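Analysis of the macromolecular model
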Amino acid sequence: MTPELGQLALILALLLALAQGILPLLGAWRGNRALMAVARPAAAGQAVFVAMAFGILVWAFVRFDFSVQYVADNSNLALPWYYRIAAVWGAHEGSLLLWIFILNVWTVALAAFSQKLPEVFASRVLAVMGLIAVGFLAFIIFTSNPFGRLLPMPGDGADLNPVLQDPGMTFHPPVLYTGYVGFSVAFAFAIAGLLGGELEQAWVRWARPWTNIAWAFLTCGIVAGSWWAYAELGWGGWWFWDPVENASFMPWLVGLGLIHAQAITEKRGSLRAWTILLSIFAFSLSLLGTFLVRSGVLTSVHAFASDPRRGIFILAFLTIVVGGSLLLYALRAPKVAGGKPFKVVSRETVLLIGNLMFAVAAAMVLLGTLFPLIGDALNLGRVSVGPPYFGFLFPLLMLPAVLLLPFGPFLRWGKGDTPALKQVLLRAGIAAAACAIVAAFFVDGQLKAIAGVASLVWLSVGVLLYAIKRWREVPRGRRYPAEMAGMLLAHLGVGVFVAGVLLSESLSVTSDVRMAPGQTQHIGGYDFLFQGAHRTTGPNWRADQGVITVTRDSKAVAVMHPQKRTYLRGQVQTESAVDAGIFRDLYVALGEPMDANDIEGAWSLRLYYKPFIRWIWGGGLLMMLGGFVCAGDKRFRIKRAAKTETAAAGLQVEETHA
Amino acid sequence: MTRGLLRMLLVMLLVCVGVAHAQAIEPMPFANHAQELRFQHLTRQLRCPMCQNETLADSNAPIARDLRNQIFQMMQHGSSDDEIKQYLVARYSNFVLYNPPLTAGTWLLWFGPLLILLGGTGAVLVAIRKRSHRDAVATEASTANALIDSTPTDNGDDW
Amino acid sequence: MNRLLPFFGFMLLVLLFGFGIWWNTQHDQNAIPSPLLDKPAPSFNLPKLYEPTQTVSKADLLGQPYLLNVFASWCVECGVEHPVLEAEGPTLGVQLVGYNYKDAPADAKRWLAEHGNPYNLLISDEPGNTAIDFGVYGAPESFLIDARGVIRYKHIGPLTPDVVAKELKPAIAAMAHEGQP
């Protein structure tokens, strides 16, 4: 009975979304306040029904309701409750329900926090969100219903893919989607701005915190996915340039350009058309990612099952939303370069160059990801594009951005201050060169590692120099506005990330070895003593578990327990043992027993020593933190008409004036 | 026919995802560490023909295991990396190379980003030139937006 | 005008995706094109499945075209393909050579006893090394080899009546046609 209620809830949500999407737009066009006022209640109503549908699906999983096809396909009686909940978004239909649920979370937040926005503008923004919801709800109802029944009801379900039975998998999709879907807000703002025609910088100020938060979530989601792949897939890799990964990375790159472009447009009024275009592109790439993963147009191990009908539906939706918005852009975007001018040496230029590199990088990733398809279309034969392509071009394109990073804060808007630049160049440059030379001795002249150290020093000294400058020149209380603090954190994160990548890639040691119990291997300065394997069991698996004692210079470091699990349905999964550390990871994966009948004898093992690999995710998390901190800046908050905090002196008033 | 393809896809998904990742772990009797590094490096540049999103180094498909053994044998017999790659391309086509060679068909792939970069750089240069030659223009007056004080941040603070 | 550039660029992308969806319904995306088409088949020397002391080489099979069908008892799709081979095999007009790939002979014989044996000749490649020379990466795969030992057609995946009618038979006919001076 209840699953049908879920279906009903979705239909009602669709109707409300239609109301939310169409009526306020009409109202805004006609100046009809009653129609415009439909937006918020309709959004609230839609959210209630979508939440209901989502809750009903979660409940079906928790209660083992195998009469629902989707539940039967993705869980079974032995699956622990936390993975049953994660299984809700483990496959296509449920993940779409998650998508629309998160869209509603953003919409409700928008409805709540936009009370002070001009009515016409706010109703347009909410209407655009409503139209997006219409598309997704229709898609779910007509092609991807998670509530379909399976009768007669089976006694037990299939299993959730063991690769997905991991805490990382529970966390990664919701966070990633929060980011992806969050770009719809910037998109809605841009469309509302285009429709309204009032293209001053004000709406960009409103869009900024929303965009920063979405981008921060996306950063976190990508970091979580990368960490999960590292921990789960058993090969010590953290990024594969797989089409699905690229599908989340492209919006991230464009979003990165967007948050910087928004800064320019908000403060100087220039580059409005570019900011609008980026807003459209960021969300378009999110939609594109959704399409790529579900249409079967590209091969990917991560991809959901493909179905041409679904592919056509999403393609049509994509065409209407993106094509429509680009057409609107062509017609309504500002034609005259407005806002304050800037000289060649200025902060705007540096940000613009950064934007250029991010945009070209996103285009490059798109080209590489789609090239197999282009190859088929133009009959070029099967072309294979992978890490050698992306891993070569991406760092190349990011190099100018990394080199220019420290200069950004030191430059002024409109025109630059060359003496200050020279200072930065000298100090950061010398520091970087010095550290690089020292590092060369430690890393046997490995170029990548030296480059990693040099970049880290270059970037972090640049950040430090600016922080010190602010400390010296600005009185207490105004030194580090949230926006600036966020910037400094994020830029530091870039340095940490780059160092992590270059150092771990160049200095990692991997070895496949055959070890009998009692034997030791020496890898990366650590001694791995294999102490044999034995049987063990879990809630829905049984495993062969190895014991490895790791020492360094005879001092105990860790005891590691890699497993090779066999799940109920026979799927085998390697659970590698990872000893995490700030400066290095040790990683052991079990291979095969040398004699299949004697698991307590010798085994093949893969041992890894991975220095600085946590810095990759640490850097990413710093960037995420920077995004959140920046969004919290007081300037972005709406002026409360009645109570102004005039208790403090003029300083405060100036800041809440925004 | 689509169902047959779908079934094949499912089988491949099962083989390529559901089966032990650990089977890619095969200690081979390398002569020395340098040889092991060379093997790892080489097999990472090659695509598994069966599990097409995995490298030959990581894949646990039977064909990947066979090919790894074959590559190892060839290395023992003194074949160079290029010879090994040629051997595989002759049998499995260019697809097996993760690094698409530069041919007439792939020039778009390799030069496309460069072209986009050049185009974008041109646009940026034009934009900068346009804006650096104008005198300061008054910020466009906002019409219905009295709510937001659009004072720019030229208060000397630069933020 | 350049404001319309993003729109047109995007529409190009839509066309590409539309093509992709259509193409996907027609082709197996995971099939790798064989670089051996219209090239001589690799030479091989493999034992017969039922008489392992006797071997069959490429030279032995010259003079007559044949369909080399790669199969194995562990291969699920081969079970799907088998009835098609049994039904259409005799009508093809070429010899059917079964190539048992990475299979223990005992398992293969058992499987054939269960499913039937449509092959004129059966050879066994248990280690799978010769198969690499053919560019085989899974089962089932089928090669059409002409009288001079040149590979004329390759199909990856199970042979269906559709594929037999639309691709295999025309390829056989084309081969026979050119044989006449």
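Model, not experiment: these values are computed from the prediction.

1. Thoughts on the overall build of chain B
Check the secondary structure of chain B and you find five helices and zero strands. Secondary structure elements in chain B, listed N-terminal to C-terminal, are α-α-α-α-α. When burial is assessed residue by residue, chain B has 30% of its 159 residues classed as buried. Long-range contacts, defined here as pairs at least 24 residues apart, represent 46% of the contacts in chain B between residues at least 6 apart.

2. What to know about the domain arrangement of chain A
Taken as a whole, chain A is organised into domain 1 (1-165), domain 2 (174-184 + 197-404), domain 3 (405-507 + 616-656) and domain 4 (509-612). In this structure, domain 3 of chain A and domain 4 of chain A have C-alpha centres spaced 40 Å apart.

3. Observations concerning helix H14 (residues 387-404) of chain A
Across its 18 residues, H14 of chain A extends 26 Å between first and last C-alpha, which sits within 8% of the 26 Å expected from 1.5 Å per residue. At methionine 398 of chain A, H14 of chain A shows its maximal kink, close to 30 degrees; a proline, proline 400 of chain A, follows between one and four residues later. Those residues of H14 of chain A that are buried are in contact with helix H13 (347-377) of chain A together with helix H5 (107-132) of chain B.

4. Examining the sheet that holds strand S5 (residues 121-125) of chain C
All names here are of chain C. Sheet architecture is open: five strands sit in the order S5-S4-S3-S6-S7, paired in mixed fashion. Two strands lie at the open edges of the sheet, namely S5 and strand S7 (151-156), each paired on one side alone. Neighbour to neighbour, the strand axes of the sheet diverge by 20 degrees on average, direction disregarded. Bridge analysis of strand S6 (residues 141-145) against S7 gives five bridges, and the strand direction is antiparallel. Within S7, the position partnered with glutamate 141 by the bridge is isoleucine 156.

5. Examining the sheet that holds strand S9 (residues 584-593) of chain A
Residue and element names in this part refer to chain A. Strand order in this open sheet of four strands is S1-S10-S9-S8, and the pairing throughout is antiparallel. At either end of the open sheet lies a strand with only one pairing partner, and these are strand S1 (509-515) and strand S8 (577-579). Between one strand axis and the next, the sheet turns through 20 degrees on average, direction left out of account. Pairing between S9 and strand S10 (residues 603-611): eight bridges, direction antiparallel. Looking at S10, one finds that alanine 589 is bridged to arginine 606.

6. Focus on the interface of chain C and chain A
With 20 residues of chain C at the contact, the number on the chain A side is 24 residues. Here the side of chain C that touches chain A is composed, by residue class, of 13 nonpolar, six polar and one charged.

7. Here we look at the domain arrangement of chain B
Assigned domains of chain B: these are domain 1 (24-101) and domain 2 (102-132). The distance between the C-alpha centroids of domain 1 of chain B and domain 2 of chain B comes to 35 Å.

8. What about the nonpolar core?
In this structure, Ile100, Ala186 and Val254 of chain A are the most contacted members of the largest nonpolar core, which totals 238 residues. Examining the composition of this core, we find that 21 residues originate from one element, helix H9 (residues 202-232) of chain A, more than from any other. For alanine 186 of chain A, the residues in contact, after removing those within four places along its chain, are Ala207, Trp210, Thr211, Ala214, Leu258, Ser279, Ala282 and Phe283 of chain A. Judged by nonpolar contacts, the second largest core, of 53 residues, contains Ala72, Leu122, Ile132 and Leu159 of chain C.

9. A few points about the packing of helix H6 (residues 92-113) of chain A against helix H8 (residues 167-196) of chain A
Two numbers describe a pair of packed helices, the interaxial angle and the distance between the axes. All names here are of chain A. Where H6 contacts H8, the axes come no closer than 9 Å and their chain directions differ by 50 degrees. Relative to H8, the element H6 lies oblique. The interaxial crossing formed by H6 with H8 has right-handed handedness. Residue-level inspection shows Ser95, Leu98, Trp99, Ile102, Leu103, Trp106 and Leu110 of H6 in contact with H8, the latter providing Pro173, Pro174, Tyr177, Thr178, Val181, Gly182, Ser184 and Val185. Taken together, the residues of the contact of H6 with H8 break down into eleven nonpolar, four polar and no charged.

10. Structural notes on the confidence of the model for chain B
Residue and element names in this part refer to chain B. In this model, chain B carries an average pLDDT of 75, and 69% of its residues clear a pLDDT of 70 or more. Confidence drops under pLDDT 50 across residues 18-22; counting only partners more than four residues distant or on other chains, this segment forms 19 contacts. Long-range and interchain partners of residues 136-156, a stretch whose pLDDT sits below 50, account for 31 contacts in this model, where long-range means more than four residues apart. As a predicted assembly, this complex carries a pTM of 0.89 together with an ipTM value of 0.86.

Procedures and definitions
- Residues numbered from 1 in each chain as written.
- Chains lettered and ligands numbered in written order.
- Predicted model: local features only at pLDDT ≥ 70, side-chain atom pairs only at ≥ 80, totals over all residues.
- Helix = DSSP H or I, 4+ residues; strand = E, 2+ residues; numbered from the N terminus.
- Buried ≥ 20, exposed ≤ 12 C-beta atoms within 10 Å, placed from the backbone.
- Contact = placed C-beta atoms within 7 Å.
- Domains from an automatic or database assignment.
- Expected span 1.5 Å × (residues − 1).
- Bend = angle between axes of the 7 residues up to and from the residue.
- Pairing = 2+ DSSP bridges.
- Axes fitted to C-alpha atoms, helices over the stretch in contact; angles between N-to-C directions.
- Nonpolar A, V, L, I, M, F, W, Y, C, P; charged D, E, K, R; others polar.
- Core = buried A, V, L, I, M, F, W, Y, C linked by C-beta atoms within 7 Å.
- Parallel < 35°, antiparallel > 145°, perpendicular 65-115°, else oblique.
- Left-handed = near helix turned anticlockwise from the far one by under 90°.
- pLDDT = per-residue confidence, 0-100.

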